[in-house]
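# Observations on the three-dimensional arrangement
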Amino acid sequence: MSARTHTSARLPGLALLGAVATGVLAAQNPALAQEGEPIKVGILHSLSGTMAISETTLKDTMLMLIDQQNERGGLLGRPLEAVVVDPASDWPLFAEKARGLIENDGVAATFGCWTSVSRKSVLPVFEELDSLLFYPVQYEGEESSKNVFYTGAAPNQQAIPAVDYLRDEIGVERWILAGTDYVYPRTTNKILEAYLKDSGVADEDIMINYTPFGHADWQSIVSEIKSFGEAGKKTAVVSTVNGDANVPFYKELGNQGVSAEDIPVIAFSVGEEELSGFDTAPLVGHLAAWNYFMSVDAETNDEFIDQWLDHTGDDNRVTNDPMEAHYIGFNMWVKAVEKAGTTDPAAVQAAIIGVTVPNLSGGYSAMMPNHHITKPVLIGEIQDDGQFEIVWETAGLVAGDAWSDFLDSSRDLMADWQPPLSCGNYNVVTGECSGQNL
Amino acid sequence: MCRDRVVPARSPLLLVALITALIPFSSANGAAVVAGDPWLDDLFTEFVEGRGTAPVDALQALANSEREDKRALLEGILDGTLMLHKESTQIVRVEKQDRRYDMFNIVDGTALGEDRSRAFKRLKLDNRLRATLRSLIASLGLRSTDTGERRVAIEALLDKPDTVDAPTLDALIEAESSPELATLLLRVKALQQLGSINPSTRLQAVTILQADLSPDTRRALSRLADADDAPEVREAAQQASAEQARKITLYGYAETLFFGLSLGSILVLAAIGLAISFGVMGVINMAHGELIMLGAYCSWGMQQLLPDSLALALILSLPVAFLFTGAIGIAIERSVIRFLYGRPLETLLATFGISLILQQLVRTVISPQNVPVSNPEFMSGVVQIDGVLELTLNRLWVLGFCLAVFAMLLILLRHTRFGLEVRSVSQNRDMARAMGIRSSRIDSLTFGLGAGVAGLAGVALSQLTNVGPNLGQAYIVDSFMVVVFGGVGNLWGTLVGGMTLGVVNKLLEPWAGAILAKIVVLVFLIMFIQKRPRGLFPQRGRAAEGH
């Protein structure tokens, strides 16, 4: 009898405890939360500063994709909500904003970054707080993180095929590697230098040059490019210049009469967005290497462009490769979440490998175990309306290789996040997983 | 989204003509592209669908044909006015009306209706095809009656002298009426004769070519200098090569000097406003960069107002920027700086805050991204000296503008009443006031003058670099460097200091790279200031010591 009294007295207390516990758990784990509560998606792109020229349109793309997904009924029956922050081309601020998105806003995944320095800046934050970043821009490789999905090109999906095109189709024998001074151009140029020397190019036929972000005085450098190109061998410039420094660079090339037929410049960070609002008549014939161009002839592309022009209400907007990368990355994330039934990062990481979604050039893209995707490689020439004419493409899809085969430090490394390896930098020769990103 | 259909012309004759034009479809060759007549159909099909060298061969065939319209067709392919209408697979000439294009038959020019821009596909050109087209059009231009076209054609010949044979070349030389172009043709002939069997012909060619400093000629002469059989030819070629190398080196120095003066002129323009507010008044104005930025935005604004006359917009933006930024400068002085005279640290902080406010104001009101500013016609292009030294026009204009602004300021300060009052207030305020000069009014106007000149600098910079809210940040440090180096309070110091820093930076750049050059210049400046804290041209006199 006394036991019953005790139990009945304890029951409301236990119920209260249970309710509080559920509430606390629910607050920490969004997957258990009530129906209809929005899933937050972080958008981490510079909306001001030197990189705004490239990144602002990616924020708009994400907003469009989220809107479209909401029109289709949201994700797991819940609406998606975008959380937009502006890290203002300030690399340490990227890390702060990322932390805010994960801890304060509780985003389920973040789509963002452009420069590799911004990605390196946020990497420890995403790894510490175990959240997901979808990174849509071509980069230098030498990284594979459990928490990052690289939907942009690795060097073997952009830089190497571009050099192959110049060497084999155009007959280039002298090389100028010009870049902005930070990790992406420095590492890419290391890889390209090793690759060129491996294929027999002499030291004196390679010139490497770095400039700061926002560099505006290109007179001397363009003059050097011209004299380097006067040695009688076909010369080309491989440009990893990023941000608005490209505008005065191309202007100076035009002013000093460096035409694409004499010394072609192939760029890895210049696309339709950087060229819009710019008179490209003096640049006709210069090249870019990407995995997508707005001018690609495919139905999915036509549809995407129509939707984009509708969404922005501006007929003059353009689409570009990082936008396609976000399109692919977002659709892969949605598919993985639906497959896993939850937005929990660990479940999504397991579910997303092998997920295949359509790309915008009429084919498909698959997420590989090393967190890179398969992409076609396209080389395009700038036209006088800021669009690109595709002059060469790979026969099939190229799978992204996180660890370059041309550098001694990464030749023996591979990444595979599926069990049993579950390692970002596994050394196949020694059989060791070093456990940290180099 | 419903796509508009092509609206055919109403004439039934045209309909018949179109159908007739389509007949080759059913013929044995099965041409997939329609151009207007069977021969052109085949040609364009080869051009559009052929692989390997087929497109180049097609172009060559067109150039070799006897057709009257071949040049027009080649030019239309090159400039993109000939396009493929996707639905009818017909090659048409288009006239672009924004998003809709009018189509015309390429043979007889009849109107074929119109369609939206995405219904047309550009004829695929790459660098190789473009180069082929240019050289074909140029060689067609060799016999043109228009001097300009002939010049273009002959200059293309200088790059590829073997595209015409010797007898044709002689005929062209005979027929050439312009002496300048005749000289160029003789040079082409000389390039051909470098490979002649006869040593005296080769010798003659070397003599003619010595004056030609183009890289191909220089390489050809140095090859002869090393490897020619005849000793007299070798000697002549060696002499010519040495002379050419000497000239090239001299032009190289001249070019570096020009680059340095150009960079220097930008530094001077940016710093000279600061030389007035910091130098004359002793006010540390951290918002100086933003005043430059606002001047650049004035230039953009004027271009938005007058999009059709860029030159007028640029010229008008000078007084507009001067008055606008000058007014803002006076406002800043009246509202903030006036209360902080004699307190440099507070002035620094306050003006730093103002700079942040101005930046964010521009980001909010206009846009956080860069805005496009175009160069007007008279500032685009280069001045070529001896075919080697190229001075870009926009930088030449900025250099001239910098010297003009400097001269005007000098005259203002030395020879006008206002200048006299400014100098007297800065040297000895109390005495000046005792003489009846309203020193507070002079202070406002002086600061306004410095700000106005910053606005002028902004207009000049808008022609050379990206215009965005962060423009000021890129120049504030350089401006202070120039003023401190040149000597506070001295305009000549600013000029000499700015030009020196620019030239030193550009001298170092080829050796050390852009980043290291800047670092070296900064280190040099720090060491210089240790030795001469007052800069290059320090102010002298009792009054100056008192500051």
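Keep in mind that what you see is a predicted model, and the values were worked out from it rather than measured. Position numbers for residues count from 1 along each chain, tracking the sequence in the order it is written. Here every chain gets a letter starting at A, and every ligand a number starting at 1, in the order they are written. Local features are withheld for residues below a pLDDT of 70 in this predicted model, meaning they are given only at 70 or higher, and side-chain atom pairs are given and counted only at 80 or more; totals for whole chains, interfaces and linings count all residues.

### So, the overall build of chain A
Going along the chain from the N terminus, every DSSP run of H or I of four or more residues is numbered as a helix, and every run of E of two or more is numbered as a strand. Per the secondary structure count, chain A includes 12 helices and 19 strands. Atoms counted for the radius of gyration: C-alpha only. Globule rule: 2.2 Å times residue count to the power 0.38. Taken against the 2.2 N^0.38 rule, which gives 22 Å for 438 residues, the C-alpha radius of gyration of chain A at 24 Å falls within 12% of a compact globule. The long-range share in chain A, meaning contacts at least 24 apart out of those at least 6 apart in sequence, stands at 69%. What counts as a contact is two residues whose backbone-derived C-beta atoms lie within 7 Å of each other.

### Looking at the overall build of chain B
Across its full length, chain B holds 21 helices and 7 strands. At 32 Å, chain B has a C-alpha radius of gyration far larger than the 24 Å of a compact globule built from 547 residues. Dimensions of chain B, computed from the C-alpha atoms along their principal axes, are close to 100 × 75 × 40 Å. Counting the 547 residues in chain B, one finds 40% classified as buried. For chain B, restricting intrachain contacts to residue pairs at least 6 apart in sequence, the fraction spanning at least 24 positions comes to 64%. Whether a residue is buried, exposed or partly exposed follows from its count of other C-beta atoms within 10 Å of its own C-beta, namely 20 or more, 12 or fewer, or something in between, respectively; the C-beta atoms are built from the backbone.

### A word on the pairing of strand S2 (residues 80-85) of chain A
Criterion used throughout: strands pair if DSSP finds at least two bridges between them. In this sheet, S2(A) lies alongside strand S1 (residues 39-44) of chain A in parallel orientation, the contact comprising 6 bridges. Bridge pairing in S2(A) places A:Lys40 opposite A:Glu81.

### Section: unusual backbone geometry
Residue and element names in this part refer to chain A. Proline 420 follows proline 419 through a cis peptide bond whose omega is 5°. Mapped onto the elements of the fold, proline 420 is located in the loop between strand S17 (413-416) and strand S18 (423-427). The backbone phi angle of alanine 88 is positive, close to 55°, even though this residue is not glycine. Assignment of secondary structure puts alanine 88 in the loop between S2 and helix H3 (91-104). You can call alanine 88 partly exposed: it has 18 C-beta atoms within 10 Å. Even without glycine at this site, aspartate 130 takes up a positive phi of about 50°. Looking at the element boundaries, aspartate 130 is found in the loop between helix H4 (116-128) and strand S4 (133-135).

### Structural notes on the interface of chain A and chain B
Between chain A and chain B, the residue contacts involve 40 residues of the former and 37 residues of the latter. A per-class count over the side of chain A that touches chain B returns 12 nonpolar, 16 polar and 12 charged. Under the convention adopted here, Pro, Cys and the residues Ala, Val, Leu, Ile, Met, Phe, Trp and Tyr are nonpolar, Asp, Glu, Lys and Arg are charged, and Gly plus all remaining residues are polar.

### Thoughts on the sheet that holds strand S19 (residues 432-433) of chain A
Residue and element names in this part refer to chain A. A sheet is described by the order of its strands in space; here 3 strands give the open sequence S17-S18-S19, paired in antiparallel fashion. Only two strands of the sheet have a single neighbouring strand rather than two, namely S17 and S19. The sheet contact formed by S18 and S19 spans 2 bridges and is antiparallel. By the bridge assignment for S19, tyrosine 426 is matched with cysteine 433.

### So, the sheet that holds strand S9 (residues 265-267) of chain A
Strand pairing in a sheet takes place through backbone hydrogen bonds and is either antiparallel or parallel in direction. All names here are of chain A. Ordered by their spatial adjacency, 7 strands build an open sheet running S7-S6-S8-S9-S10-S14-S15, and the pairing between neighbours is mixed. Every interior strand has two partners, whereas the edge strands, strand S7 (206-211) and strand S15 (388-393), have only one. The average angle at which neighbouring strand axes cross in this sheet is 25°, direction not considered. Two elements, strand S14 (residues 378-382) and S15, share 5 bridges in a ladder whose sense is antiparallel. If you follow leucine 378 over to S15, its bridge partner there is glutamate 393. A fitted line through C-alpha atoms represents every axis, and for helices the fit uses only the stretch in contact; the resulting angles, taken between N-to-C directions, go from 0 to 180 degrees.

### Considerations on the packing of H3(A) against H4(A)
All names here are of chain A. At a closest axis distance of 8 Å, the pairing of H3 and H4 adopts a crossing angle of 35°. Taken as a pair, H3 and H4 cross one another with a handedness that is right-handed. For the pair H3 and H4, contact is made by Trp91, Pro92, Phe94, Ala95, Ala98 and Arg99 and by Val117, Ser118, Ser121, Val122, Val125 and Phe126, respectively. Within the contact of H3 with H4, the residues separate by chemical class into 9 nonpolar, 2 polar and 1 charged. In this scheme the handedness of a crossing depends on how the near helix is turned from the far one: anticlockwise by less than a right angle means left-handed, clockwise means right-handed.

### With respect to the confidence of the model for chain A
All names here are of chain A. Mean pLDDT over chain A works out to 89, with 91% of the residues at or above the 70 mark. Each residue carries a pLDDT value, the predictor's own confidence for that position, ranging from 0 to 100. For the stretch residues 1-7, pLDDT sits under 50, and the model shows 0 contacts to residues farther than four places along the chain or on other chains. This stretch, residues 29-34, has a pLDDT under 50; its non-local contacts, to residues over four places away or in other chains, come to 10 contacts.

### A few points about the domain arrangement of chain A
All names here are of chain A. Where each domain begins and ends is defined by an automated method or by a domain database. The domains assigned to chain A are domain 1 (2-32), domain 2 (39-154 + 298-373) and domain 3 (157-290). The C-alpha-based centres of domain 2 and domain 3 are spaced at 28 Å. Listing elements by their share of the side of domain 2 that touches domain 3, those giving two or more residues are helix H2 (52-71) and H4.

### Things to note about the environment of B:Asp98
Residues and elements named next belong to chain B. Note on placement: aspartate 98 falls in the loop between strand S2 (90-97) and strand S3 (100-105). Judged by C-beta crowding, with 7 C-beta atoms within 10 Å, aspartate 98 ranks as exposed. When the C-alpha atoms of aspartate 98 and leucine 294 are compared, they prove to be 33 Å apart, with 196 residues separating the residues in sequence.

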